[in-house]
Amino acid sequence: MKRNNRIIKSALLTLASLIIGFIAIAVPFNLFNTLTSEAMHIVFIAEIIIYFLVSMFFLIAYDKKKQEKIKLENRHKERLQKIECVKRDWIDIAA
C-alpha cells in the first residue's frame with residue numbers, strides 16, 4: 001500500500017512538473033509576439049522572482065525536515081541515556 005502511494009505520488013509530481021515546465025517555457029515565447037520589449041523585461045523579472053521564491057520554499061521545507069530529523073534523533077538518544085540511567089539505578093538499589 002505504501003509503495004503504491006509512493007508510485008502515485010511520484011507520477012503526479014512528474015506530471016505536474018512537466019505541465020508547469022511546459023507552461024513556464026511556452027508562455028514567455030508566445031508573449032514575444034504580443035508584448036513590447038519593456039513588458040517582456042517585466043515578465044522576465046517576474047518569472048525570475050517566482051522561480052526564486054519557489055526554490056526558497058522548497059529549500060526551507062527541506063531544511064525544516066532535516067532539523068526535525070536531527071531533533072528526533074537527539075530526543076531518541078536522550079531517552080536511551082535516561083533508560084540506561086534508570087536501569088543502573090535500579091541495579092544499584094537492588095544490590
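Check the entry above for the structure.
Below: a short report on this structure. (Residues numbered from 1 in each chain as written. Predicted model: local features only at pLDDT ≥ 70, side-chain atom pairs only at ≥ 80, totals over all residues. Heavy atoms only, no water.)

**Digging into the layout of surface pockets**
Then step 1. Approximately 150 Å³ is the volume found for the largest pocket.
Then step 2. Along its surface, the largest pocket is lined by Ile20, Ile23, Ala24, Val27, Pro28, Val43, Glu47, Ile50, Tyr51 and Val54.
Then step 3. Within the residue set of the lining of the largest pocket, elements represented by two or more residues are helix H1 (2-31) and helix H2 (37-94).
Then step 4. When grouped by side-chain class, the residues that make up the lining of the largest pocket number nine nonpolar, no polar and one charged. (1 Å grid on protein atoms, 1.4 Å probe; cavity = no way out; pocket = protein on both sides within 12 Å on 5 of 7 lines; lining within 4 Å. Points joined across faces, edges and corners; volume = space filled by probe spheres on them. Helix = DSSP H or I, 4+ residues; strand = E, 2+ residues; numbered from the N terminus. Nonpolar A, V, L, I, M, F, W, Y, C, P; charged D, E, K, R; others polar.)

**Regarding a positive patch on the surface**
Then step 1. A cluster of basic side chains, namely Lys2, Arg6, Lys9, Lys65 and Lys69, defines a positive patch on the protein surface.
Then step 2. Every element with two or more residues in the positive patch is listed here: H1 and H2.
Then step 3. Here the positive patch gets three residues from one element, more than from any other, and that element is H1.
Then step 4. Tracing the sequence through the fold places arginine 6 in helix H1. (Patch = residues over 30% accessible without salt bridge, like charges linked within 9 Å, V, L, I, M, F, W, Y side chains within 5 Å. Areas by Shrake-Rupley, 256 points an atom, 1.4 Å probe, with all protein chains shown as cover. Salt bridge = Lys/Arg side-chain N within 4 Å of Asp/Glu carboxyl O. Lys, Arg positive; Asp, Glu negative; His and termini not counted. Charge placed at Lys NZ, Arg CZ, Asp CG, Glu CD.)

**Let's talk about the environment of alanine 26**
Then step 1. Tracing the chain through its elements places alanine 26 in helix H1.
Then step 2. With relative accessibility at 19%, the residue alanine 26 sits in the buried group.
Then step 3. Spatially, the C-alpha atom of alanine 26 lies 20 Å from that of serine 55, the residues being 29 residues apart in sequence. (Buried < 20%, exposed > 50% of the residue type's maximum accessible area, 1.4 Å probe, protein only.)

**A few points about the environment of serine 37**
Then step 1. Structurally, serine 37 can be placed in helix H2.
Then step 2. By relative accessible area, which is 51% here, serine 37 ends up exposed.
Then step 3. Expressed as a C-alpha distance, the spacing of serine 37 and phenylalanine 52, which sit 15 residues apart in the sequence, is 23 Å.

**Remarks on the packing of aromatic side chains**
Then step 1. Within the structure shown, the criterion is met by one aromatic pair.
Then step 2. Where phenylalanine 57 meets phenylalanine 58, the ring centres are 5.6 Å apart and the plane angle is 70 degrees; that geometry is what we call edge-to-face. Comparing phenylalanine 57 with phenylalanine 58 shows no difference in burial state: the two are exposed. (Phe/Tyr/Trp six-rings, centres within 6.5 Å; stacked < 30°, edge-to-face > 60°.)

**Describing a nonpolar patch on the surface**
Then step 1. On the surface, Phe44, Ile45, Ile48, Ile49, Phe52 and Leu53 cluster together into a nonpolar patch covering about 610 Å² of accessible area.
Then step 2. Relative to the helices and strands, isoleucine 48 is located in helix H2.

**Quick notes on the side chain of glutamate 47**
Then step 1. Looking at the secondary structure, you find glutamate 47 in helix H2.
Then step 2. As a buried residue without a salt bridge, glutamate 47 has its nearest oppositely charged side chain in lysine 9, at a separation of 26 Å.
Then step 3. Glutamate 47 has contacts with Ala24 and Pro28, leaving out every residue within four places of it along the chain. (Contact = heavy atoms within 4.5 Å.)

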